[in-house]
Amino acid sequence: MKKAIFPGSFDPITLGHFDIIERGVKLFDELIIAIGINADKNYMFSLEERKKFIEDCFAHEPKIKVVTYKGLTVHFCQENKVDFILRGLRNPADFEFEKAIAHTNRDLAPIETVFLLTAASTSYISSSIVRDVIRNDGDYTKLVPKTVRVK
């Protein structure tokens, strides 16, 4: 069984994440959306909200599981018998950053990183842009799945 993890903070999940997940789930028997917990970060949405946004978004997809985790992604992979890490690439800067992480992860454990290019229509979207739009009362709904709603 091919299991992959798609790790991130998902603060919030964007249409770019959605695109990678929808395409990635076709490649694996199980895709774990893993929300990393970083005590040093100030999140706009609570962990529970972020998890619910994703669970509601993919409630129809039995191959997707949503979990939270702390610590190194490779340790999570080892503990859960996951052989692949799925990552999305928007631009060359993403590639350079993700390449360094992938090499480090492979040095730490026998885990392969699989990269998918984001769709051209979502390649400009990032969670930080979405948060900025929300903070400034812009129309964030064009950038996120319908399950993401600000109170």
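Residues numbered from 1 in each chain as written. Predicted model: local features only at pLDDT ≥ 70, side-chain atom pairs only at ≥ 80, totals over all residues. Heavy atoms only, no water.

**Q** How would you sum up unusual backbone geometry? Please name residues and give values.
**A** Residue Pro 12 is bonded to the preceding Asp 11 through a cis peptide linkage, with omega at 0°. Within the fold, Pro 12 resides in the loop between β1 (3-8) and α1 (15-24). With phi around 50°, Phe 10 is a residue other than glycine that occupies positive phi space. Judged by its relative accessible area of 2%, Phe 10 is buried. A positive phi angle, close to 55°, is found at Lys 81, a residue other than glycine. (Helix = DSSP H or I, 4+ residues; strand = E, 2+ residues; numbered from the N terminus. Buried < 20%, exposed > 50% of the residue type's maximum accessible area, 1.4 Å probe, protein only.)

**Q** Account for helix α5 (residues 127-135), with residues named and values stated.
**A** By the burial criterion, the buried members of α5 are Ser 127, Val 130, Arg 131 and Ile 134. Angular distribution of buried residues about the axis of α5 spans 100°; they occupy a single face of the element. Of the surrounding secondary structure, the elements contacted by the buried residues of α5 are α1. Where α5 ends, the next residue or the one after it, Asp 137, has phi of about 55°, a positive value. (Arc of directions from axis to C-beta. Contact = heavy atoms within 4.5 Å.)

**Q** So what's going on with the UniProt feature "domain: Cytidyltransferase-like" (unreviewed entry) in the protein chain? Which residues, and what values?
**A** In this structure's numbering, the residues bearing the UniProt feature "domain: Cytidyltransferase-like" (unreviewed entry) are residues 5-132. End C-alpha to end C-alpha, residues 5-132 measures 27 Å, and it is 40% helix and 23% strand. (UniProt positions renumbered as here; feature names shortened; annotations may be inferred.)

**Q** Which residues make up the packing of aromatic side chains, and what are the values?
**A** One pass over the full model with this rule turns up six aromatic pairs. Measuring from ring centre to ring centre gives 6.3 Å for Phe 95 and Phe 115, while their planes differ by 65°; the resulting arrangement is edge-to-face. Residue Phe 95 is found in helix α4 (residues 92-108), and its partner Phe 115 is found in strand β5 (residues 112-117); the two are separated by 20 residues along the sequence. Overall, Phe 115 belongs to the partly exposed group, its relative accessible area being 28%. Above the face of the Tyr 43 ring, Arg 50 is positioned so that its terminal group lies 3.8 Å from the ring centre. (Phe/Tyr/Trp six-rings, centres within 6.5 Å; stacked < 30°, edge-to-face > 60°. Lys NZ or Arg CZ within 6 Å of the ring centre and 35° of its normal.)

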